[in-house]
Amino acid sequence: LTNSIQQAALEPVSSQRVFAGEHKQYSHYSSSVNCQMRFAIFLPPQAADEPVPVLYWLSGLTCSDENFMQKAGAFRKAAELGIAIVAPDTSPRGDGVADDADGAYDLGLGAGFYLNATQKPWADHYRMYDYVVDELPALIEANFRVSDKRAISGHSMGGHGALMISLRNPDRYQSASAFSPICHPIECPWGKKAFTAYLGDDQTSWQKYDASVLMAQATDRSKQITTLVDQGSADNFLSEQLNPESLEQAAALSDYPLKLNMQEGYDHSYFFIASFIDQHLNFHAQSLFS
């Protein structure tokens, strides 16, 4: 796409002033997922004068671009540091986009798992990996005063996405972090259900979307990027779905620069994220401004 086409493709949805910056929502047609998509962007006040780095935030099951932007309390620190935040939706949506026949929350709409589906009926639209890695950053960098310095973070399903995408694309991100990520999806109920539907029964195809598998294989020191994970000890999904111990074991195998904090008494909610988002933004700033 040319720059003019990309600019023409953005349709404003909403705009608010916040901490001397701007929060905006846009809709656009996505060639990756073959439907209209919506994203939100926070532009700090520094973006009025110079290009700023971008933190891409990937949200969890049932979420949209709005959950993090409205609940995480990230704008004060992001405005102080001069970091833009971009939050895409969690799946394709709209007429003709496949959904789970039973309306389950963990498959279909709101549950894209940040992969490229290969199985029908999902393959026509569920290509969130391509959207997040390639199409969305190109759109952001063509239309807003941002630099090509990127960080990536996310929560739960989005934490899985952030870790997996950073491990597969270390040249595209300065740093990565996650809250309560699905660390080993090929070995948990959420991951097994989604990967079977989207990718089929051949489990070798699942491994390229599993952060623990990828981190264990990431032995090239020149392609390792500093990574922070926070996990609440009172998270009701901890033992069955999240498996942070698998990620720790993988990091030990490859000597990967992972910092994993177990936060006592915190659950899976945005109360947890709001409690530690400033630390994550400070963490990313160390790499984005170095």
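With that out of the way, let us pick up the sheet that holds strand E6 (residues 146–154). If you trace the nine strands from one edge of the open sheet to the other, you get E1-E2-E3-E5-E4-E6-E7-E8-E9, paired in mixed fashion. A strand with exactly one partner marks an edge of an open sheet, and here the two such strands are strand E1 (11–18) and strand E9 (258–263). On average, adjacent strands in this sheet sit at an angle of 20° to one another, irrespective of strand direction. In the packing of helix H5 (residues 157–168) onto the sheet, contacts are made with strand E4 (52–58), E6, strand E7 (175–179) and strand E8 (227–232), and the angle to E6 comes to roughly 130°. Here helix H9 (residues 244–254) sits on the sheet and contacts E8 and E9; the angle it forms with E9, its principal contact strand, is near 155°.

Grouped together as the largest cluster of nonpolar side chains are 72 residues, with contacts concentrated most on Phe 39, Phe 113, Ile 165 and Tyr 198. Ranked by residue count, the leading element in this core is helix H4 (residues 128–143), at eight residues. Grouped together as the second largest cluster of nonpolar side chains are 25 residues, Ala 40, Trp 57, Ile 85 and Phe 179 included.

Tracing the chain through its elements places Lys 77 in helix H3 (residues 75–81). If we skip the residues at most four places from it in the chain, Lys 77 touches Asp 278, Leu 281 and Asn 282.

Procedures and definitions
- Residues numbered from 1 in each chain as written.
- Predicted model: local features only at pLDDT ≥ 70, side-chain atom pairs only at ≥ 80, totals over all residues.
- Heavy atoms only, no water.
- Pairing = 2+ DSSP bridges.
- Helix = DSSP H or I, 4+ residues; strand = E, 2+ residues; numbered from the N terminus.
- Axes fitted to C-alpha atoms, helices over the stretch in contact; angles between N-to-C directions.
- Contact = heavy atoms within 4.5 Å.
- Core = buried A, V, L, I, M, F, W, Y, C linked by side-chain atoms within 4.5 Å.
- Buried < 20%, exposed > 50% of the residue type's maximum accessible area, 1.4 Å probe, protein only.

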